Amino acid sequence: AQSVSQHNHHVILSEAASLELGCNYSYGGTVNLFWYVQYPGQHLQLLLKYFSGDPLVKGIKGFEAEFIKSKFSFNLRKPSVQWSDTAEYFCAVNAREGAAGNKLTFGGGTRVLVKP
Amino acid sequence: SAVISQKPSRDICQRGTSLTIQCQVDSQVTMMFWYRQQPGQSLTLIATANQGSEATYESGFVIDKFPISRPNLTFSTLTVSNMSPEDSSIYLCSVARSSYNEQFFGPGTRLTVL
């Protein structure tokens, strides 16, 4: 079975600081990887995704994530955050094949507060 | 992406009653899913809604408690039956164009059971 862990439950930082959120997954096969974001009062939105190819993927709003297969990690980064990046961030995984591919497994989420 | 709407957006219900949540998509999709997000927690998949057949439930979720319908490729319902306060959660619908693709989420239904 797949599992996803996010290392930080809460992150507080100031505007212009750099952000890195850790995500590790456990699954023996090939996976698709996602980061979703939920801004206050809004629904869950896809931030970026990795299916194959270049392990460094760029998403919306200046976010990027790097897939390191040997470490089973898919960490999210942003060089300089803004107050509007205050949100909860979820890492998610699904298997690339088999019946488990229908199942999206989420990490516990990381609440990010950016102070102006 | 897809535009997904859910009804109701929120409800407060009494213990022992049932609530049906609707999910409508603006275009045909292959996959539809139902998730639960309990207070302060992450999302947990309840079931995959299959068009024309019974839903596929995840471990810990049963059809008697969470009956699901999917009459066509743009609509699904989730019923939370015989509710208790432990069912207080946000229930989310998601869709995907095909298996193994990214999922897009609806705005959720916030349910409070008294």
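You'll find the structure just up there.
Calculation notes
- Residues numbered from 1 in each chain as written.
- Chains lettered and ligands numbered in written order.
- Predicted model: local features only at pLDDT ≥ 70, side-chain atom pairs only at ≥ 80, totals over all residues.
- Heavy atoms only, no water.
- Helix = DSSP H or I, 4+ residues; strand = E, 2+ residues; numbered from the N terminus.
- Rg over C-alpha atoms; globule rule 2.2 N^0.38 Å.
- Contact = heavy atoms within 4.5 Å.
- Areas by Shrake-Rupley, 256 points an atom, 1.4 Å probe, with all protein chains shown as cover.
- Lys, Arg positive; Asp, Glu negative; His and termini not counted.
- Charge placed at Lys NZ, Arg CZ, Asp CG, Glu CD.
- Phe/Tyr/Trp six-rings, centres within 6.5 Å; stacked < 30°, edge-to-face > 60°.
- Buried < 20%, exposed > 50% of the residue type's maximum accessible area, 1.4 Å probe, protein only.
- Buried area = accessible area lost by both parts, 1.4 Å probe.
- Salt bridge = Lys/Arg side-chain N within 4 Å of Asp/Glu carboxyl O.
- Polar contact = N/O pair within 3.5 Å; in protein donor to acceptor, adjacent residues only side chain to side chain.
- Pairing = 2+ DSSP bridges.
- Axes fitted to C-alpha atoms, helices over the stretch in contact; angles between N-to-C directions.

Please provide a residue-by-residue account of the overall build of chain B, values included.
Helix and strand counts for chain B come out as zero helices and 11 strands. Taken over C-alpha atoms, the radius of gyration comes to 13 Å for chain B, in line with the 13 Å a tight globule of 114 residues would show. Seen through its C-alpha atoms, chain B measures out along the principal axes to roughly 35 × 25 × 20 Å. Nonlocal contacts in chain B, meaning residues at least 24 apart in sequence, comprise 55% of its contacts between residues at least 6 apart. Here chain B displays about 5300 Å² of accessible surface, and carbon together with sulfur accounts for 47% of that area. Separation between the mean location of the 8 positive side-chain charges and that of the 8 negative ones in chain B comes to 7 Å.

How would you summarise the packing of aromatic side chains if you had to cite specific residues and measurements?
Throughout the structure, instances matching the rule amount to 14 aromatic pairs over all chains. Aromatic pair Tyr36(A) and Phe106(A): ring centres 5.8 Å apart, planes at 45°, arrangement tilted. A residue pair is termed long-range when its members are at least 10 positions apart, and Tyr36(A) in strand β5 (residues 31-38) and Phe106(A) in strand β11 (residues 105-106) qualify at 70 residues. No difference in accessibility class separates Tyr36(A) from Phe106(A), as the two residues are buried. Among the aromatic residues, ring-to-ring pairing joins Phe34(A), Tyr36(A), Phe51(A), Phe90(A), Phe106(A), Tyr35(B) and Phe105(B) into one connected group.

Just give me the short version of the interface of chain B and chain A, but keep the residues and values in it.
On the chain A side, the residues contacting the 17 residues of chain B number 22 residues. In total, about 1600 Å² of surface goes out of reach between chain B and chain A, with carbon and sulfur atoms giving 54% of it. At the boundary of chain B with chain A, the tally comes to two salt bridges. Here Glu102(B) and Lys49(A) are joined by a salt bridge, their closest N and O atoms 2.6 Å apart. At the surface where chain B touches chain A, the tally comes to four residue pairs in polar contact (both at pLDDT 80 or more). Take the side of chain B that touches chain A: its biggest share by element is four residues, from strand β4 (residues 31-37) of chain B.

Give me the lowdown on the pattern of salt bridges, citing residues and values where you can.
Residue and element names in this part refer to chain A. Scanning the model with the defined rule gives eight salt bridges over all chains in all. With a shortest N-O distance of 2.9 Å, Glu64 and Lys58 are connected by a salt bridge. Given the relative accessible area of 63%, Lys58 is considered exposed. Within this structure, Lys58, Glu64, Glu66 and Arg77 form a network of salt bridges that share partners.

I'd like to hear about the sheet that holds strand β1 (residues 4-7) of chain B, residue by residue, with values.
Residues and elements named next belong to chain B. Taken together, four strands build an open sheet; the order of strands is β1-β3-β8-β7 and the sheet is antiparallel. Each edge of the open sheet is held by one strand with a lone partner, namely β1 and β7 (68-72). Averaged over all neighbouring strand pairs, the angle between strand axes comes to 15°, with direction disregarded. Bridge analysis of β1 against strand β3 (residues 19-25) gives four bridges, and the strand direction is antiparallel. Following the sheet pairing, Ile4 is matched in β3 by Val25.

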